[in-house]
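Geometric and topological summary
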Amino acid sequence: MLDRPAHFEETPDTFTGNRALDQEEPLLFEIGRLDATGVDVDEAPQFAPRLGGLERKGSIGLPGLSEPEAMRHYVRLSRKNYSIDAGLYPLGSCTMKHNPRLNEKLARLEGLADIHPLQPVSTVQGALSLMETLSHWLLTLTNMQAIALSPKAGAHGELCGMMAIKSAIVARGEGATRKVVLIPQSAHGTNPATASLLGFSVRVVPASEDGTVHTQAVKEALGPDVAALMLTNPNTCGLFERDIIEIARAVHEAGAYFYCDGANFNAIAGVARPGDFGVDAMHLNLHKTFSTPHGGGGPGAGPVVLSERLAPFAPVPFVRRNGDSLELVEHAGGAQSFGRMAAFHGQMGMFVRALAYLLAHGGDGVAQASKDAVLSANYVRASLRDVMTQPFGDRLCMHEVLFDDAWLKGTGVSTLDFAKAMIDEGYHPMTIYFPLVAHGAMLIEPTESESKASLDLFIATLRDLAAHAKEGDKDRFAQAPRFTPRRRVDETLAARKPVLRWAE
Ligand SMILES: *Cc1c(COP(=O)(O)O)cnc(C)c1O
């Protein structure tokens, strides 16, 4: 007789630890066997090793499973993943919008899916043409001059844009003196991380009463030691930085560059052009604004658009038209390119999806999507403002709405408890405790792809939870999540002492 599996002690309701069709799944190392395999491979023919005696002699000791066991392992794991295909995903700043199936269909076309980055350029003219067309769309939407498609995420794009800025400063002979980057208090953590990775020090600029950056404080922080300002617009409080043109002008007058974090472009794409604000470099998250999958569903892509002043420093490779054909420029010759961000040209599959999205929407459709995203967020704001509090007063927001925890005061329920209770209701929580400028922040981004019916149910759920919190039903929140395979894990311990290697 088999004992009850030991690792299921956290879920004592059933013998197996499974809850109906929600099945437990141990690690491969726990269930795998050294003598099992799902594949039959022929014995290797005799050959003479050329590793000078360094080749492995023993077994590699990796656990194996039969083919059906391996299949079940990964399918069960995949079912634990909450996704935009499973439900509303109101994670502020992340733009978890629907990934249209049309994009997926086109990305799977053999001629696009089965090509290789090392194929002769003459055989991939269609792919290069697709990259050229996508570049044209992104440059038109942003009114910028040059583009680097290769960065593989927003954070990677920030690094790319800031490397272009650093190269421009070094080329001016000011590399030793301009060592400071200004970053507002409300910024995404990747902004200061990028700046410090490149050897800059960060000077924090405070927010003003209304949640936007303090314009006067930016001006006062500028000086001959400043290399750049990194600013997000719309900012992470979901508010449009209205003084952006004045700020850009001040930055330029001080001899610095303006890096705009474009992660929130979903609010303004097709409506306003960052090039008109005076932006020098900005990344676009194809996996946010342009609907390519992310958050476990696919790789990111963070193309960077550059102003005329920064264009000469753009990384290689890039697509260039040469008569009737297209070429991938791998060596910038006499130009001042700072080098490369990645081995190849970037995330081709995401380029296909993003262009499919753009062509399906058209210019007017892109603008409509932005307006609908803003409308959805304001609908949520207007429907919750009588029960929840907003840190910067009740004013129109952009594509996401920020609440704080003032309304939870005295209830014994924290922002974290409230978010965990949302999980019991079948919702992925909103972004919490970010941005840091709001106490106990709850940042909700519904996106344009939710229907009114879906938003209404979400709003009704939050209103119900809010009522319970205010009625003193503390336990419900302290115990949440009650219905998940794991309850509250020690996230701090997991972050501080990550166990990255299985050891028996
Ligand atoms: C998502 C995000 C980033 C980083 O983008 P990744 O693609 O996750 O690396 C940077 N800034 C802001 C404001 C973001 O929302």
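Residues numbered from 1 in each chain as written. Predicted model: local features only at pLDDT ≥ 70, side-chain atom pairs only at ≥ 80, totals over all residues. Heavy atoms only, no water.

**Examining the pattern of salt bridges**
Note on pairing: side chains with opposite charge can pair once their charged atoms come close. Applying the stated criterion across every chain, the model contains 26 salt bridges. Across the salt bridge formed by glutamate 104 and arginine 353, the nearest N and O atoms sit 2.9 Å from each other. Linking glutamate 104 in helix H3 (residues 101–107) with arginine 353 in helix H11 (residues 348–384), this pair joins segments that are 249 residues apart in sequence. As far as burial versus exposure is concerned, glutamate 104 and arginine 353 are alike and both buried. Three or more residues joined by partner-sharing salt bridges are found here, namely Glu104, Arg108 and Arg353. (Salt bridge = Lys/Arg side-chain N within 4 Å of Asp/Glu carboxyl O. Helix = DSSP H or I, 4+ residues; strand = E, 2+ residues; numbered from the N terminus. Buried < 20%, exposed > 50% of the residue type's maximum accessible area, 1.4 Å probe, protein only.)

**Some words on the site of the ligand**
Looking at the ligand, the residues that line it are Ser93, Ala153, Gly154, Ala155, Glu158, His188, Thr190, Asp261, Ala263, Asn285, His287 and Lys288. Side-chain polar atom of serine 93 to an oxygen atom of the ligand: 2.7 Å apart, as the coordinates give it. One nitrogen or oxygen atom from the main chain of glycine 154 is found 2.7 Å from an oxygen atom belonging to the ligand. A total of 380 Å² of accessible area belongs to the ligand in isolation, and the protein chains cover 86% of it. Here the shell around the ligand gets three residues from one element, more than from any other, and that element is helix H6 (residues 154–171). (Near = heavy atom within 4 Å. Polar contact = N/O pair within 3.5 Å; in protein donor to acceptor, adjacent residues only side chain to side chain. Areas by Shrake-Rupley, 256 points an atom, 1.4 Å probe, with all protein chains shown as cover.)

**Some words on helix H7 (residues 190–197)**
Within H7, the full set of buried residues consists of Asn191, Thr194 and Ala195. With its buried residues spanning 95 degrees around the axis, H7 presents them on a single face. Those residues of H7 hidden inside the fold are in contact with H6, strand E2 (180–184), strand E3 (201–205), strand E4 (226–232) and strand E5 (257–261). Of the residues trailing H7, glycine 199 is marked for its positive phi of about 85 degrees. (Arc of directions from axis to C-beta. Contact = heavy atoms within 4.5 Å.)

**Some thoughts on the pairing of strand E8 (residues 318–322)**
Taken together, the five bridges between E8 and strand E9 (residues 325–329) define a ladder with antiparallel strand orientation. Bridge pairing in E9 places valine 319 opposite leucine 328. (Pairing = 2+ DSSP bridges.)

**Some words on the side chain of glutamate 104**
Given the relative accessible area of 12%, glutamate 104 is considered buried. Sequence-distant contacts of glutamate 104, that is, excluding residues within four places in its chain, are made with Asn99, Pro293 and Arg353.

**What about empty space enclosed by the protein?**
Applying the stated rule across the entire model yields five cavities of 30 Å³ or more. As for the largest cavity, its lining consists of Cys237, Leu239, Arg381, Gln390, Pro391, Phe392, Gly393, Arg395, Cys397, Val401 and Leu402. Taken together, the residues of the lining of the largest cavity break down into seven nonpolar, two polar and two charged. Looking at the second largest cavity, its volume works out to about 60 Å³. Lining the second largest cavity, in full, are Pro184, Ser186, Ala187, Asn191, Val213, Met230, Leu231, Thr232, Asn235, Thr236 and Glu241. Considering each element in turn, the lining of the second largest cavity owes the most residues, three residues, to E4. (1 Å grid on protein atoms, 1.4 Å probe; cavity = no way out; pocket = protein on both sides within 12 Å on 5 of 7 lines; lining within 4 Å. Points joined across faces, edges and corners; volume = space filled by probe spheres on them. Nonpolar A, V, L, I, M, F, W, Y, C, P; charged D, E, K, R; others polar.)

**What about the domain arrangement of the protein chain?**
Partitioning the protein chain into domains gives domain 1 (102–358) and domain 2 (365–496). Of note, the centres of domain 1 and domain 2, computed from C-alpha atoms alone, are 30 Å apart. Counting from both sides, the interface comprises 27 residues of domain 1 and, opposite them, 21 residues of domain 2. Taking both sides of the interface into account, the surface hidden between domain 1 and domain 2 amounts to around 1800 Å²; carbon and sulfur atoms contribute 64%. Linking domain 1 to domain 2 there are zero salt bridges. In this structure, the connection of domain 1 to domain 2 is made through six residue pairs in polar contact (both at pLDDT 80 or more). (Domains from an automatic or database assignment. Buried area = accessible area lost by both parts, 1.4 Å probe.)

**With respect to H6**
With 18 residues, H6 should cover 26 Å at 1.5 Å per step; its first-to-last C-alpha distance of 26 Å lies within 8% of that length. Those residues of H6 that sit buried are Gly154, Gly157, Glu158, Leu159, Cys160, Gly161, Met162, Ala164, Ile165, Ser167, Ala168 and Ile169. Positive phi shows up at glycine 173, right after H6, with a value of about 80 degrees. (Expected span 1.5 Å × (residues − 1).)

**What about the sheet that holds strand E1 (residues 146–148)?**
To summarise the sheet geometry, strands pair through backbone hydrogen bonds and adopt either a parallel or an antiparallel arrangement. With respect to topology, seven strands assemble into an open sheet ordered E1-E7-E6-E5-E4-E2-E3, the strand pairing being mixed. Lying at the two open borders of the sheet, with one neighbouring strand each, are E1 and E3. Taken pair by pair, the neighbouring strands of this sheet meet at an average axis angle of 20 degrees, ignoring direction. When E4 meets E5, the two strands line up parallel, connected through five bridges. Each bridged residue has a counterpart across the sheet, and for alanine 228 the counterpart in E5 is tyrosine 257. Contacting E1, strand E6 (281–283) and strand E7 (304–306), helix H5 (residues 125–142) crosses the sheet at an angle of about 125 degrees to E1. Those strands touched by helix H9 (residues 244–253) are E4 and E5, and its axis lies near 140 degrees from that of E5. (Axes fitted to C-alpha atoms, helices over the stretch in contact; angles between N-to-C directions.)

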